Amino acid sequence: IDMADAYYQLTDFDAARKTYEQANQLAQRLNASPEVNVRLLHRIADIDITRLDLRQSLRTYEQIKSIAPNDERARHALMELYYRLNNRVEAIRELDELMALYARQRRPDRIVQILEEQVALYPNEMALRSRLAIVYRRLGRHSQAVEQLDALGELQLDANMRSAAAETIRQIISLNPPGVEEYRKLLSTL
């Protein structure tokens, strides 16, 4: 591991990756703790990202997830990699799994934080806005929920998803925000 770290510091990523892989194989043969394997795999995945080998990094993070299902860093990295590889369905699946992990840990602050970050990065992603609105609503943050639902409705209308937009507007109306009559008019127009 020290040798691989030295290669990494010298920016010899090929030698560092190969040495980390050898260390990981040795750790597996010696039945080292899963923490050691996970630490080595994280380093390998980091090198793959540095080398822009996103698919290999994805496979390594999936391996980490199978060893340590509660590894937040791996789950977050998987979500980001899926977005970078333009696989939005898998990215959302990973996001849902990450949010479920935070829910089991009773960390609603992390759920809100991760959703807000993702909405900021991908403002046109309807699934993200929908999830953030649901979380805001459950936390009693109705004005923020209305804001997300309003943006979601606009995206749905732009995508010619009229029935989905009508349902979104119904959700807004159920929150009884200021200016609710405007939403009622829009709903009747739809």
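Cut-offs applied
Residues numbered from 1 in each chain as written. Predicted model: local features only at pLDDT ≥ 70, side-chain atom pairs only at ≥ 80, totals over all residues. Heavy atoms only, no water. Axes fitted to C-alpha atoms, helices over the stretch in contact; angles between N-to-C directions. Helix = DSSP H or I, 4+ residues; strand = E, 2+ residues; numbered from the N terminus. Parallel < 35°, antiparallel > 145°, perpendicular 65-115°, else oblique. Contact = heavy atoms within 4.5 Å. Nonpolar A, V, L, I, M, F, W, Y, C, P; charged D, E, K, R; others polar. Phe/Tyr/Trp six-rings, centres within 6.5 Å; stacked < 30°, edge-to-face > 60°. Buried < 20%, exposed > 50% of the residue type's maximum accessible area, 1.4 Å probe, protein only. Expected span 1.5 Å × (residues − 1). Arc of directions from axis to C-beta. Salt bridge = Lys/Arg side-chain N within 4 Å of Asp/Glu carboxyl O.

Q: Could you give me a rundown of the packing of helix H6 (residues 88-104) against helix H7 (residues 108-121), with the residues and numbers involved?
A: In the contact formed by H6 and H7, the axes pass within 8 Å of each other and the chain directions differ by 160°. Between H6 and H7, the crossing angle belongs to the class labelled roughly antiparallel. Of the residues in H7, those touching H6 at Leu-95, Leu-98, Met-99, Tyr-102 and Ala-103 are Arg-110, Ile-111, Ile-114 and Leu-115. Per-class residue counts for the contact of H6 with H7 are eight nonpolar, no polar and one charged.

Q: Pulling in residues and values, what's your account of the packing of aromatic side chains?
A: Considering all chains together, one arrives at two aromatic pairs under this definition. A centroid spacing of 5.4 Å and a plane angle of 65° characterise the contact between Tyr-8 and Phe-13, whose relative ring orientation is edge-to-face. For Tyr-8, a relative accessible area of 32% translates into the label partly exposed. Where Tyr-83 meets Tyr-122, the ring centres are 4.0 Å apart and the plane angle is 15°; that geometry is what we call stacked. Separated by 39 residues along the polypeptide, Tyr-83 in helix H5 (residues 72-84) and Tyr-122 in the loop between H7 and helix H8 (126-138) bring together distant segments of the chain.

Q: Go over helix H10 (residues 162-174), please, and point to the residues and values.
A: Its 13 residues give H10 an end-to-end C-alpha distance of 18 Å, which sits within 8% of 18 Å, the value for a rise of 1.5 Å per residue. Listed in full, the buried residues belonging to H10 are Ala-165, Ala-166, Thr-168, Ile-169, Ile-172 and Ile-173. The buried residues of H10 occupy an angular sector of 160° when the element is viewed end-on, so they sit on one face. In this structure, the buried side of H10 is in contact with helix H9 (142-158) and helix H11 (180-189). Note on H10: the residue one or two positions beyond its end, Asn-176, has a positive phi of about 50°.

Q: Pulling in residues and values, what's your account of the pattern of salt bridges?
A: Under the criterion given, the structure shown has 20 salt bridges. A salt bridge links Arg-51 to Asp-14; its shortest N-O distance comes to 3.6 Å. Highlighted residues: Arg-51 in the loop between helix H3 (34-50) and helix H4 (54-67) and Asp-14 in helix H2 (residues 13-29), separated in sequence by 37 residues. The partner of Arg-131 in a salt bridge is Asp-96, with the nearest N and O atoms 2.7 Å apart. Remark: Asp-96 occurs in helix H6 and Arg-131 occurs in helix H8; sequence separation between them is 35 residues. For Arg-131, a relative accessible area of 22% translates into the label partly exposed. Residues joined by salt bridges that share partners form a network here, namely Glu-62, Lys-65, Arg-75, Glu-90, Arg-93, Glu-94 and Glu-97.

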